Amino acid sequence: MTGIVQREFPELLSSRTKEEKKSLPDLPDVGNGGVVMRMAPSPSGPLHIGHARMAILNDEYLRRYGGKLILRIEDTNPSNIEPDAYQMIQDDLRWLGVNFTEVVIQSKRFELYYSEMRKLIEEGKAYVSTSPTEEFKSRKQQGLPVREREETPEENLERWERMLSGGYEKGEVYAVVKTDLNHPNPAIRDFIAFRIIDTPHPLEGDRYRIYPMMNFSVAIDDHFLGLTHVIRGKDHIANTEKQKYIFGYRGWKQPYYLHYGKVSIENTILKTTFIKKGIRNGDFTGWDDPRLGTLAAFRKRGFDPLAIRRYYVESGIGSVDTTFSWEIFYSFNRKIIDSRSPRHFFVSQPVSLKFDFEGTLNADIPLFPQASGNAEKGSRRYKVGKGSIMISSQDYAKLNGELVRLKDLGYFKVESSRIEYLGESINEDVQKWNPNRPLGKVPIIHWLSGNEVPFRVVKPDGTVDSGFVENDALNYIGMVHQFERYGYVNVLNEREGYFTHP
RNA sequence: GCUCCGGUGGUGUAGACCGGCCAAGCAUAUGGGGCUCUCAAUCCCACGACCCGGGUCCAAAUCCCGGCCGGAGCACCA
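Quantities reported herein were computed from a predicted structural model and do not represent experimental measurements.

Engineer: Break down the protein's contact with RNA strand B for me, with residues and values.
Structural biologist: Around RNA strand B, the structure places 53 residues, and the nearest of them are Arg 195, Thr 322, Lys 335, Arg 485 and Tyr 488. Among atoms of RNA strand B positioned within 4 Å of the protein, sugar and phosphate together represent 69%. Within the contact set of RNA strand B, a sugar or linking oxygen lies 2.8 Å away from a side-chain nitrogen or oxygen of Glu 74. Contributing elements (two or more residues each) for the surface near RNA strand B: α6 (133-141), β6 (191-196), α9 (237-250), α12 (305-315), β11 (322-323) and α13 (326-337). A per-element tally of the surface near RNA strand B places α13 first, with 6 residues. Tallied by class, residues from the surface near RNA strand B come to 16 nonpolar, 16 polar and 21 charged.

The structure is reproduced here in structure tokens:
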């Protein structure tokens, strides 16, 4: 039945699927002013493909509802900051096409955090402890308070002032927000909000010693920045619970929280500390090394950011853990770049065959296939005569002794170290050499002859394919090419390209 | 161990909150075919899944219970 419908009335089905085109579910409680959302990376390095999910999801909703999208850089742990990251993150987001409307840097907001903490202490919702942290933790496990939790706001305030004015050493004191010591999930019970750090901050130097913990600064900022909706990974579910206590104490309206599942990305290096070390000791060429999952590497491999967007929109905001599918991602990207990628021949691991031919053959090879809609953009023209013709060793292994068609040149036969021209179209010589195989099935391969320059392609696993490419390819440096029967390659300069995908 | 969350074709997902229109949609991969002087793109066809066991119900992928499997949190990281 459906088969008949598809055959007889395809328009019925296709129009229907267009209306149901996939998109993200609507957000609840969106007012007239749209949404206010935020992206909150820490500046430990540039963004990678995992961060892109957070950025794309937020940006998609901003596009749908309007409003504000704040880039909030969470630099409250000075020992884990890469100073260049403040800029790299913004570059990465712009490349992705994510339109953040303002930038907020947490290290500029310490005074706000201090004054809010003071209010909580005054209200008896927070305390300052000098008890050993082991004791703090073990008593929490048992649902018991440390001594200072029971003391008056005045006593705690006094310790808070002393903490701020440098009256304690690192590790000696910490400030805590109360939650519920009997919370069934021990992870939610009282959490540390401030601690002393003596490592200088890349932006602030040694101006501050008292650093907020993420759960504190996030709650304060989410409120004061007026967030309506928060989209974050589900690894933050417990953090959200903790932060809600602060909202409750201050009587603030909570944003609407949405937690998406973890994306694991196989065969890809994402850990910034590992990458940083690798760059320092020369294992990686930089943040854009093709083996890395950074957006910088994606850019250099020639991916279109739209493919990343489509991929994550299709993945949705489910809380199920997912595995990034390179296969599907490649397919999305291929569809976007195919029609604009000029075609060239790249012969890797070449075999050079002797070509004894009296005369000249003319090759006129379209730069774009006719179906691309770019056919009028021209072709590459070569003259081929006596000398040699190069084909890949992979093709050679299969074709020695066979009839072959060199693309846009003619029929040839390959015999040991020689190649012989049989004609442009089917003739007696061709028939004779190819007695049994149907002529429509003769393999068509790419080739080079006197029109080549040495070229290398760096693959995503770090290995290199060496060979030769048409010299015409060098007229299109900085573009993704399709090297026919090989794959897509971002041609970076006259010697080298990065492999995009098959 | 404790506290949460989740398990749909080979892969990525939609549907689940508010049971029926789901003998389960889309994409990708694979196989076949059309177009094409690329193993690309494009078009058509085919293939293939509700973790297991109970229960509720006229009716369960969807609700309940148990099991198994997977993930997250339990930091003076974010």
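Engineer: How would you explain the side chain of His 446 if you had to name every residue and give the values?
Structural biologist: Structurally, His 446 can be placed in the loop between β21 (444-445) and β22 (452-458). The exposure class assigned to His 446 is buried, which follows from its relative accessible area of 6%. At a separation of 3.4 Å, a polar atom in the side chain of His 446 contacts the side chain of Arg 485. Apart from the residues within four sequence positions on either side, His 446 is in contact with Phe 345, Phe 346, Val 347, Met 390, Ile 391, Asp 395, Glu 484 and Arg 485.

Engineer: Which residues make up the environment of Pro 46, and what values do they have?
Structural biologist: Relative to the assigned elements, Pro 46 resides in the loop between β1 (35-39) and α3 (49-65). Pro 46 sits 296 residues away from Pro 342 along the chain, and the two C-alpha atoms are 31 Å apart. Pro 46 has contacts with His 51, Met 88, Asp 92, Trp 287 and Thr 294, leaving out every residue within four places of it along the chain.

Engineer: An account of the packing of aromatic side chains is needed here, citing residue identities and associated values.
Structural biologist: Under the counting rule described, the total for this entry stands at 40 aromatic pairs. A ring pair is formed by Phe 455 and Phe 483, whose centres lie 6.0 Å apart and whose planes are at 75°; its orientation type is edge-to-face. With Phe 455 in strand β22 and Phe 483 in strand β24 (residues 480-483), the pair connects residues that are 28 residues apart, well separated along the chain. Of the residues examined, Phe 455 reaches a relative accessible area of 4% and is grouped as buried. Aromatic rings pair up to connect Phe 298, Phe 303, Tyr 311, Tyr 312, Phe 324, Trp 326, Phe 329, Tyr 330 and Phe 332 into one cluster. The ring of Tyr 411 has Arg 405 lying over it, and the distance from NZ or CZ to the ring centre is 4.6 Å.

Engineer: I'd like a rundown of the sheet that holds strand β3 (residues 102-105), residues and numbers included.
Structural biologist: Here 3 strands make up an open sheet; going across it, the order is β1-β2-β3 and the pairing parallel. Two strands in the sheet have a free side with no partner beyond their single neighbour: β1 and β3. Averaged over all neighbouring strand pairs, the angle between strand axes comes to 25°, with direction disregarded. Sheet topology places β1 next to strand β2 (residues 67-73); 5 bridges connect them, and they run parallel. Looking at the pairing, Arg 38 lines up with Ile 70 of β2. Packed on one face of the sheet, helix α4 (residues 85-96) meets β1, β2 and β3 and runs near 145° to β2.

Engineer: So what's going on with the layout of surface pockets? Which residues, and what values?
Structural biologist: By volume, the largest pocket amounts to about 1300 Å³. What lines the largest pocket is a set of 44 residues, among which Ala 40, Ser 42, His 51, Asp 235 and His 236 lie closest to the centre. Secondary-structure elements contributing two or more residues to the lining of the largest pocket are β1, α3, β6, α8 (214-224), β8 (229-233), β10 (263-264) and α10 (272-280). For the lining of the largest pocket, a count of residues per class yields 18 nonpolar, 16 polar and 10 charged.

Conventions we followed
Note that residues are indexed from 1 along each chain, following the sequence as it is written. Here the convention is simple: chains get letters from A, ligands get numbers from 1, in the order in which they are written. Where local features are concerned, this predicted model is filtered to residues with pLDDT of at least 70; where side-chain atom pairs are given and counted, the filter is 80 or more; whole-chain, interface and lining totals use all residues. Hydrogens are left out, water is left out, and the side-chain values use all remaining heavy atoms of the structure. In this text, near means that some heavy atom of the residue lies within 4 Å of the molecule or strand in question. Counting of polar contacts relies on pairs of N or O atoms within 3.5 Å, with two restrictions inside protein: one atom must be capable of donating a hydrogen and the other of accepting it, and residues adjacent in sequence are counted only when both atoms are side-chain atoms. Put simply, DSSP H or I for four residues or longer makes a helix, DSSP E for two residues or longer makes a strand, and each gets a number counted from the N terminus. Charged residues are taken to be Asp, Glu, Lys and Arg, nonpolar residues to be Ala, Val, Leu, Ile, Met, Phe, Trp, Tyr, Cys and Pro, and polar residues to be all remaining types, Gly included. Burial status follows relative accessibility: with a 1.4 Å probe on protein chains alone, a residue under 20% of its type maximum counts as buried, one over 50% as exposed, and anything between as partly exposed. Any two residues whose heavy atoms approach within 4.5 Å are treated as being in contact. When the centres of two rings from Phe, Tyr and Trp lie within 6.5 Å, Trp using its six-membered ring, the rings pair. Their planes under 30 degrees apart give stacked, over 60 give edge-to-face, and anything left gives tilted. Two limits define a charge over a ring: the Lys NZ or Arg CZ must be within 6 Å of the ring centre, and within 35 degrees of the ring normal. Only when DSSP finds a minimum of two bridges between them are two strands counted as paired. Working convention: axes come from line fits to C-alpha atoms, limited for helices to the stretch in contact. Angles between N-to-C directions cover 0 to 180 degrees. A pocket, in this scheme, is an open set of points on a 1 Å grid over the protein atoms alone with protein on both sides within 12 Å along at least 5 of 7 lines, while a cavity is a set where a 1.4 Å probe fits but cannot get out; residues line either one if an atom lies within 4 Å of a point. Grid points are joined across faces, edges and corners, and a volume is the space filled by probe spheres set on the points.

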